[in-house]
Amino acid sequence: MGPDGIHPRVMRELANELVKLPSIIYQQSWLTGEVPDDWKLANVTPIHKNGRKEDPGNYRPVSLTSVPGKVIEQFALSLIMQNLQDGQGLRPSQHGFRRGQSCLINLISFYDQVTHLVDAGRAVDVVCLDFSKAFDTVSHSTLLDKLAARGLDRSTLCWGSALGPALSSIFIGDVDEGIESFISQFADDTKLGACVDLLEERMALQRDLHQLDGWAESNKMKFNKSKCLVLHFGHNNPLQRYRLGMVWLDSAQEERDLGVLVTAAEHEPAECPGGQEGQWHPGLYQEWCGQQEQGGHSSPVLCT
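The structure contained in this document is the topic of the report that follows. For clarity, every value in this text was computed on a predicted model and none was experimentally measured. (Residues numbered from 1 in each chain as written. Predicted model: local features only at pLDDT ≥ 70, side-chain atom pairs only at ≥ 80, totals over all residues. Heavy atoms only, no water.)

## Regarding the pairing of strand 5 (residues 189-195)
Burial analysis of strand 5 places 6 of its 7 residues in the buried class, the great majority of the element. Here strand 3 (residues 124-129) runs beside strand 5; their pairing, made up of 6 bridges, is antiparallel. Across the sheet, the residue bridging to V126 is G193, located in strand 5. Where strand 4 (residues 182-186) lies against strand 5, 5 bridges are found, and the strand directions are antiparallel. Bridging across to strand 5, F186 finds its partner in D189. Hairpin connection from strand 4 to strand 5: 2 residues lie between these consecutive antiparallel strands, with A187 at a positive phi of about 60°. (Buried < 20%, exposed > 50% of the residue type's maximum accessible area, 1.4 Å probe, protein only. Helix = DSSP H or I, 4+ residues; strand = E, 2+ residues; numbered from the N terminus. Pairing = 2+ DSSP bridges.)

As structure tokens, this is what we get:
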């Protein structure tokens, strides 16, 4: 429950008795475009992410707001998402906060492309990008301008800036406009992939990175460039280096993508349910299917 002390179970158990009064408040809030001040208050709880627990920078602030306020936020969010989907305002590359999409679908759909290209003997580079404090730095004025351009009405726009991460993923969702490489996003987690056998292909990937850096600057956002990494797949990969702005990106043998460890290192062929023996593929390590021995230790492997 939030700072108003109203527990969600109370609202669920007494829904029939309570529905009239909140519906009046919701209707007036929607018509006037004003959000009650009580719904803007929050109990902020720090959640440890990683690193030293003594460092305040290693904590993520989580806000617990009013439950009645979150109920109408869900109404508004459903309306906005329906409007954007009907008008094709959401691009297929964006999986975050979308019904029927998930981290698993995002990973499999992206790395399935990588695997097929590598199996065909192609070299593939994947650039894993990291936005710096994405949901905290999204410009609400720019977000509302983008929603207005998609035909949303005034009341919805007034509610738009109160909907947090879900609409922030829409804000970031147009980052792929004009990109030549294949791209996949889950909210602010973005990755680019491209065949890089030819110099022209490597130059195209570099142009895409330059365009993404320009998009971030024009939308008042920043990449955490020290955490942006390049994975090189394929036996004859030229191991090209890439820049994001003026910063050269580091290459890595593995990277944790949406909680799953992705490795570009080549492993001995493993028996994959539904797959073909003897084929090399990028490894996605998680407790989903199969087991593969590495250095005397058993590591889960998801076969793409």
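## Digging into the nonpolar core
Counting 28 residues, the largest nonpolar core has V127, L129, L192, L209 and F223 as the members making the most contacts within it. Sorting the residues of this core by element identifies helix 4 (67-86), strand 3, helix 7 (140-149), strand 5 and helix 10 (199-218) as the ones contributing at least two each. Excluding its chain neighbours within four sequence positions, the residues that come into contact with F223 are L129, D130, F131, S132, L212, D213, A216, C228 and L244. (Core = buried A, V, L, I, M, F, W, Y, C linked by side-chain atoms within 4.5 Å. Contact = heavy atoms within 4.5 Å.)

## Side note on the side chain of S66
Considering the arrangement of structural elements, one finds S66 in the loop between strand 2 (59-65) and helix 4. Beyond its immediate sequence surroundings of up to four residues, S66 is in contact with G2, P3, D4, D38, W39 and L41.

## Things to note about the pairing of strand 10 (residues 254-257)
Burial along strand 10 is one-sided: the residues E255 and D257 are buried and none of E254 and R256 is. Relative to strand 11 (residues 260-263), strand 10 is paired through 4 bridges, and the arrangement is antiparallel. Bridge assignment links E255 to a residue of strand 11, and that residue is V262. The loop that links strand 10 with its antiparallel partner strand 11 comprises 2 residues; one of these, L258, has a positive phi angle of about 55°.

## A short note on the sheet that holds strand 9 (residues 250-252)
Read across the open sheet, the 5 strands follow the order 4-5-3-6-9; overall the sheet is mixed. For this open sheet the edge positions go to strand 4 and strand 9, each flanked by a neighbour on one side alone. Pairwise comparison of adjacent strand axes, ignoring direction, gives a mean angle of 25° for this sheet. Here 5 bridges tie strand 3 to strand 6 (residues 229-233), and the two strands are oriented antiparallel to one another. Its bridge partner lying in strand 6, V126 is registered against L231. Sitting on the sheet, helix 5 (residues 103-119) is in contact with strand 3, strand 4, strand 5 and strand 6, with an inclination near 160° to strand 4. Against the sheet, helix 10 engages strand 3 and strand 5, with an angle of about 160° to strand 5. (Axes fitted to C-alpha atoms, helices over the stretch in contact; angles between N-to-C directions.)

## What to know about unusual backbone geometry
At K220, a residue that is not glycine, the phi angle is positive and equals roughly 60°. The topology assignment puts K220 in the loop between helix 10 and strand 6. Its relative accessible area of 57% is what places K220 among the exposed residues. Positive phi, normally seen in glycine, also occurs at L239, with a value near 55°. The topology assignment puts L239 in the loop between strand 6 and strand 7 (243-244). A residue is classified by how much of its surface remains accessible, and L239, at 55% relative accessible area, is exposed.

## Overview of the pattern of salt bridges
Scanning the model with the defined rule gives 6 salt bridges in all. With its nearest N and O atoms 4.0 Å apart, the salt bridge here joins E54 to R52. As far as burial versus exposure is concerned, E54 and R52 are alike and both exposed. Here the salt bridges do not stand alone but share partners, grouping R122, D197 and E201 into one network. (Salt bridge = Lys/Arg side-chain N within 4 Å of Asp/Glu carboxyl O.)

## Observations regarding a nonpolar patch on the surface
A cluster of nonpolar side chains, V10, L14 and L18, forms an exposed patch at the surface whose accessible area comes to about 220 Å². By secondary structure assignment, the location of L18 is in helix 2 (residues 15-18). (Patch = residues over 30% accessible without salt bridge, like charges linked within 9 Å, V, L, I, M, F, W, Y side chains within 5 Å. Areas by Shrake-Rupley, 256 points an atom, 1.4 Å probe, with all protein chains shown as cover.)

## Digging into a positive patch on the surface
Taken together, the side chains of K49, R60, K133 and K227 define a basic patch exposed on the protein surface. Mapped onto the secondary structure, K133 falls in the loop between strand 3 and helix 6 (134-137). (Lys, Arg positive; Asp, Glu negative; His and termini not counted. Charge placed at Lys NZ, Arg CZ, Asp CG, Glu CD.)

## So, the packing of aromatic side chains
One pass over the structure, following the stated rule, counts 6 aromatic pairs. Note on Y26 and W39: the rings are 5.8 Å apart at their centroids and 65° apart in plane angle, and the pair reads as edge-to-face. Of this pair, Y26 sits in helix 3 (residues 20-32) while W39 sits in the loop between helix 3 and strand 1 (42-48); the two residues are 13 residues apart in sequence, bridging distant segments of the chain. Each member of the pair, Y26 as well as W39, is classed as buried. Summarising the aromatic geometry, the rings of F110 and Y111 are spaced 5.0 Å apart at their centres and angled 85° between planes, so their arrangement reads as edge-to-face. Like Y111, F110 is buried. Through pairs of rings, three or more aromatic residues link up here, namely Y26, W39 and F75. One residue, R243, lies across the ring of W248, its end atom 5.7 Å from the ring centre. (Phe/Tyr/Trp six-rings, centres within 6.5 Å; stacked < 30°, edge-to-face > 60°. Lys NZ or Arg CZ within 6 Å of the ring centre and 35° of its normal.)

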